[in-house]
Amino acid sequence: MSNGPGNGPTGGALVIAAVDGSDHSLRALEWARQAALRHRAGLMVAHVMPDSSQLYAGRRSALHDPNEPEEYADPVGDRVRDLLYSGPQYPAEVRYEALEGSVPEALRAVAAEQAPLMLVMGSRGRGGFAALLLGSSSRAVATTAVCPVVVVPHEERAAQDPEGASAGRVVLGLHAAETPENVLDFAFAEAAARGTTVQVVSAYAVPPGPTMVIDSPFAVIPPEALADGGDGVPAEREMLRAQTERLAPLRARYPDVPVELAAVPGDAAGRLVEASRSAALVVVGRHHPRRRSLLMGSVAHALLQHAHGPVAVVPALHDDATA
């Protein structure tokens, strides 16, 4: 796939889109195209060849038969080219790569080699069962890839709420004491590229009581609203102050990115799923793959299963960090 007109130099930044020809993956490709344009990055379209194509390539190589065609048919690559080049705009650098191996392993390997800004994929692939909310490949890659993985839900699961409290925002699920710095930086960089607000959602524990109401309205406040003491419950105000303290370095690095804070009782996952109805992107951290190779944080897992919009799962950069 040749290069085409775009927005200028990419400086080596790259967005990878994983495709398999399904409508789910092409929806993710469009999201990745727009992300590459926003970040002035190149775009790599990665297609893990089906088993039949891999077997053919291996057979031809083993037999050295000159009568066999040099290349096998690649309808996915042809469709990707048609879609990208028929659109209104595409990044300055675009390339298509056909990969071999299992889908999770091939995508993990190319992500480790290329160190992209993010890897974007659909929530279900061509072989997924319609009843499944999250495909096994998407779950495996999001759990173990060394780069941020954005999972774009299939169209049937998408729900738009343009009037919601999170409309158009980048929503960050924050554990003030544990979420690694690079997760925060990813959310702020995405908001800066979009010219939008970061809405920070954290949960606080509330002792059970006969009058406790968990399902209170979703409310957000700007950090400066904490200065007067306010009327919030002590646990809520303590969480909001912890958020403010933790976010101070990010606000200094991204002074033009507005910030909203939200502290919710109980489990943050449900609030983040609700926010995904209107958010541009929901960002969460995950456990480091060397520490918990087969496990993902409960909030990240719930979001990937139930979110109505794109979710970015960001790994920790250091062995001693968890999210």
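What comes next concerns the included structure. (Residues numbered from 1 in each chain as written. Predicted model: local features only at pLDDT ≥ 70, side-chain atom pairs only at ≥ 80, totals over all residues. Heavy atoms only, no water.)

Within this structure, the stated rule accounts for one aromatic pair. Consider the rings of F188 and Y254, whose centres lie 5.8 Å apart with planes at 40°: the pair is tilted. With F188 in helix α6 (residues 181–194) and Y254 in the loop between α7 (234–253) and β8 (259–265), this pair connects stretches of sequence that are 66 residues apart. As far as the burial class goes, F188 and Y254 line up, both buried. (Phe/Tyr/Trp six-rings, centres within 6.5 Å; stacked < 30°, edge-to-face > 60°. Helix = DSSP H or I, 4+ residues; strand = E, 2+ residues; numbered from the N terminus. Buried < 20%, exposed > 50% of the residue type's maximum accessible area, 1.4 Å probe, protein only.)

Quick look at helix α9 (residues 298–306) now. Among the residues of α9, those classed as buried are A300, A302, L303, L304 and Q305. On the buried face of α9, the contacting elements are α5 (136–144), β5 (149–152), α8 (268–275), β9 (281–285) and β10 (311–314). (Contact = heavy atoms within 4.5 Å.)

A few words now on the pairing of strand β7 (residues 198–204). Counted residue by residue, β7 has six buried out of seven residues, so it is predominantly covered. The β-α-β motif built from strand β6 (residues 170–173), the intervening α6 and the parallel element β7 has right-handed crossover chirality. Where β7 meets β8, seven bridges bridge the pair, whose relative direction is parallel. By the bridge assignment for β8, S202 is matched with A263. (Right-handed = clockwise from strand over helix to strand, strands pointing away. Pairing = 2+ DSSP bridges.)

Time to look at the nonpolar core. Counting residues in each nonpolar core, the largest one holds 48 residues, and the members touching the most others are L29, L43, V120, L172 and V283. Sorting elements by how many residues they give to this core places helix α1 (residues 23–38) first, with seven residues. Apart from residues no more than four positions distant in its own chain, L172 is found in contact with V183, L184, A187, V198, Q199, V200, V201 and V283. Ranked by size, the runner-up nonpolar core spans 36 residues in total, among them A111, V141, L272 and V284. (Core = buried A, V, L, I, M, F, W, Y, C linked by side-chain atoms within 4.5 Å.)

Summed over all chains, the structure comprises 11 salt bridges. Where R33 meets E30, a salt bridge forms, and the shortest distance between an N and an O atom there is 2.7 Å. Of the two residues, R33 and E30 both sit in helix α1, three residues apart, roughly one turn of that helix. Its relative accessible area of 9% is what places R33 among the buried residues. Under the relative-accessibility criterion, E30 is labelled partly exposed at 32%. Put simply, R108 and E105 hold a salt bridge, and the shortest N to O gap is 2.5 Å. Placement of the pair is R108 and E105 together in helix α4 (residues 103–114), with a separation of three residues, close to one helical turn. Accessibility expressed as a relative area gives 47% for E105, which makes it partly exposed. Within the structure, one salt-bridge network assembled from shared partners comprises E181, D185, R246 and R253. (Salt bridge = Lys/Arg side-chain N within 4 Å of Asp/Glu carboxyl O.)

So, about the pairing of β10. Both faces of β10 are covered, namely the face carrying V311 and V313 and the face carrying A312 and V314. By the bridge criterion, three bridges tie β5 to β10 in an arrangement that is antiparallel. Following the sheet pairing, V149 is matched in β10 by V313. Relative to β10, β9 runs parallel, the two sharing four bridges. Each bridged residue has a counterpart across the sheet, and for V284 the counterpart in β10 is V313.

The next subject is the sheet that holds strand β1 (residues 14–19). Strand order in this open sheet of 10 strands is β3-β2-β1-β4-β5-β10-β9-β6-β7-β8, and the pairing throughout is mixed. Edge positions in the sheet fall to β3 (94–99) and β8, since each of these pairs with one other strand and no more. Strand after strand, the sheet turns through a mean of 20° between neighbouring axes, direction not considered. Contacting β1, β2 (42–48) and β3, helix α3 (residues 75–86) runs over the sheet at an angle of about 165° to β3. Contacts between α4 and the sheet are confined to β1, β2, β3 and β4 (118–122), with β2 contributing the most and set at about 155° to the helix. (Axes fitted to C-alpha atoms, helices over the stretch in contact; angles between N-to-C directions.)

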